[in-house]
Amino acid sequence: MKFGLAFPAVFGLLAAAASTPLSQCNTGSRKCCKNVGAAGTSPISALLKPLNIVLDDPTVIVGLGCTPLKLVGGGKGADCAQHAVCCKEVKFNGVVNVGCTPISF
């Protein structure tokens, strides 16, 4: 699967989304995701469909291939080489995370 071409357009959407401070991710779980984008974009929607995940809002941000975010520096920072996000709903043990917002630290 190729994500490289479709994801740059989604990053503009992510940049426009309000960033959540690391300490204020209390409505979901802190995740480090390999890919992040809007549910309605073709690479994300193509992956959600076989998993029978139907989202009413095509603009909701989804994180794919996520692992728990490792906090460092007494919880004031984090170790994440990809996309640090705060997600409201976790599905398939972190493979799909729904309702994500970028985390600033």
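What comes next concerns the included structure. (Residues numbered from 1 in each chain as written. Predicted model: local features only at pLDDT ≥ 70, side-chain atom pairs only at ≥ 80, totals over all residues. Heavy atoms only, no water.)

### Here we look at the pairing of strand S7 (residues 96-104)
Thought 1: Along S7, seven of the nine residues are buried, which leaves the element largely enclosed by surrounding structure.
Thought 2: Both strand S3 (residues 61-68) and S7 contribute to a ladder of three bridges, which runs antiparallel. Residue pairing in the sheet places glycine 63 in a bridge with asparagine 97 of S7.
Thought 3: Direction of pairing for strand S6 (residues 83-91) relative to S7: antiparallel, over a ladder of six bridges. In the sheet register, lysine 91 faces S7, and the bridge partner there is valine 96. (Buried < 20%, exposed > 50% of the residue type's maximum accessible area, 1.4 Å probe, protein only. Helix = DSSP H or I, 4+ residues; strand = E, 2+ residues; numbered from the N terminus. Pairing = 2+ DSSP bridges.)

### Quick notes on the side chain of lysine 31
Thought 1: Note on placement: lysine 31 falls in strand S2 (residues 29-38).
Thought 2: Of the side chains with opposite charge, glutamate 89 lies nearest to the buried lysine 31, which makes no salt bridge, at 13 Å.
Thought 3: The contact partners of lysine 31, leaving out residues within four places of it in the chain, are Cys66, Thr67, Pro68, Leu69, His83, Ala84, Val85, Cys87, Val90 and Asn97. (Lys, Arg positive; Asp, Glu negative; His and termini not counted. Salt bridge = Lys/Arg side-chain N within 4 Å of Asp/Glu carboxyl O. Contact = heavy atoms within 4.5 Å.)

### Quick notes on the state of the cysteines
Thought 1: Inspection of every chain in the model, using the stated rule, returns four disulfides.
Thought 2: There is a disulfide in this structure between cysteine 25 and cysteine 86, and the S-S distance comes to 2.0 Å. Sign of the S-S torsion, about 90° for the bond between cysteine 25 and cysteine 86, identifies this disulfide as right-handed. Taken together, the residues span a long stretch of sequence, with cysteine 25 in the loop between strand S1 (20-21) and S2 and cysteine 86 in strand S6 at a distance of 61 residues. Across this residue pair, the class does not change: cysteine 25 and cysteine 86 are buried.
Thought 3: Shown here is the disulfide that connects cysteine 33 with cysteine 66, its sulfur atoms set 1.9 Å apart. Of note, the bridge from cysteine 33 to cysteine 66 carries an S-S torsion of about 105° and is right-handed in sense. Of this pair, cysteine 33 sits in strand S2 while cysteine 66 sits in strand S3, and the two are 33 residues apart along the sequence.
Thought 4: Its relative accessible area of 0% is what places cysteine 33 among the buried residues.
Thought 5: The cystine pairing of the chain, numbering bonded cysteines in sequence order, is 1-6, 2-5, 3-4, 7-8. (Disulfide = S-S within 2.5 Å.)

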